[in-house]
Amino acid sequence: MNDIHRLRAEFTEAHDQLAAIHDEIREFRIHLASDKFCGYEADGGRKDWIATADVSRWLDRIANAPLRGEANGLLAGAEY
């Protein structure tokens, strides 16, 4: 029975960590879509001085990367 409790605790911790990662990615996407990076400056210059599409693609890769290591078996079926 102790093994079951330990595994549940490990799963909960891994699940919480993964959920926090997804929350941070979502917040970063919101930041990238903000006025700071969209539109034009008063002088006509573009505000998207960083390649927001490239950053967004990288965030997609991070968010959709397969899990590796011991947590892989625990989180394979989890939804976020």
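Predicted, not measured: the structure shown is a model, and the values here were computed from it.

> Please provide a residue-by-residue account of the overall build of the protein, values included.
Across its full length, the protein carries three helices and zero strands. Of the regular secondary structure in the protein, the N- to C-terminal order runs α-α-α. Within the protein, buried positions represent 10% of all 80 residues. Intrachain contacts of the protein at a sequence separation of at least 6 include 55% that bridge at least 24 residues. Of the roughly 6500 Å² of accessible surface on the protein, a fraction of 54% belongs to carbon and sulfur atoms.

> I'd like a rundown of the packing of helix H1 (residues 2–32) against helix H2 (residues 52–64), residues and numbers included.
Relative orientation of the contacting elements H1 and H2 amounts to 170 degrees, with a least axis distance of 11 Å. The angle between H1 and H2 places the two elements in the roughly antiparallel class. Along this stretch, H1 crosses H2, giving a crossing that reads as left-handed. When H1 is examined against H2, the residues His22, Ile25, Phe28, Arg29 and Leu32 are found in contact with a partner set consisting of Thr52, Val55, Ser56, Leu59, Asp60, Ile62 and Ala63. Taken together, the residues of the contact of H1 with H2 break down into seven nonpolar, three polar and two charged.

> Describe H1, with residues and values.
Along its 31 residues, H1 runs 45 Å from first to last C-alpha, staying within 8% of the 45 Å computed at 1.5 Å per residue. For H1, every residue scored as buried is listed here: Ala14, Leu18, His22, Ile25 and Leu32.

> Describe the pattern of salt bridges, naming the residues involved and giving the relevant values.
One pass over the full model with this rule turns up five salt bridges. With its nearest N and O atoms 4.0 Å apart, the salt bridge here joins Asp3 to Arg6. With Asp3 and Arg6 both in helix H1, this residue pair falls three residues apart, about one helical turn. By sharing partners, the salt bridges in this structure join Asp3, Arg6 and Glu10 into a single network.

Rules used in this analysis
Residues numbered from 1 in each chain as written. Predicted model: local features only at pLDDT ≥ 70, side-chain atom pairs only at ≥ 80, totals over all residues. Heavy atoms only, no water. Helix = DSSP H or I, 4+ residues; strand = E, 2+ residues; numbered from the N terminus. Buried < 20%, exposed > 50% of the residue type's maximum accessible area, 1.4 Å probe, protein only. Contact = heavy atoms within 4.5 Å. Areas by Shrake-Rupley, 256 points an atom, 1.4 Å probe, with all protein chains shown as cover. Axes fitted to C-alpha atoms, helices over the stretch in contact; angles between N-to-C directions. Parallel < 35°, antiparallel > 145°, perpendicular 65-115°, else oblique. Left-handed = near helix turned anticlockwise from the far one by under 90°. Nonpolar A, V, L, I, M, F, W, Y, C, P; charged D, E, K, R; others polar. Expected span 1.5 Å × (residues − 1). Salt bridge = Lys/Arg side-chain N within 4 Å of Asp/Glu carboxyl O.

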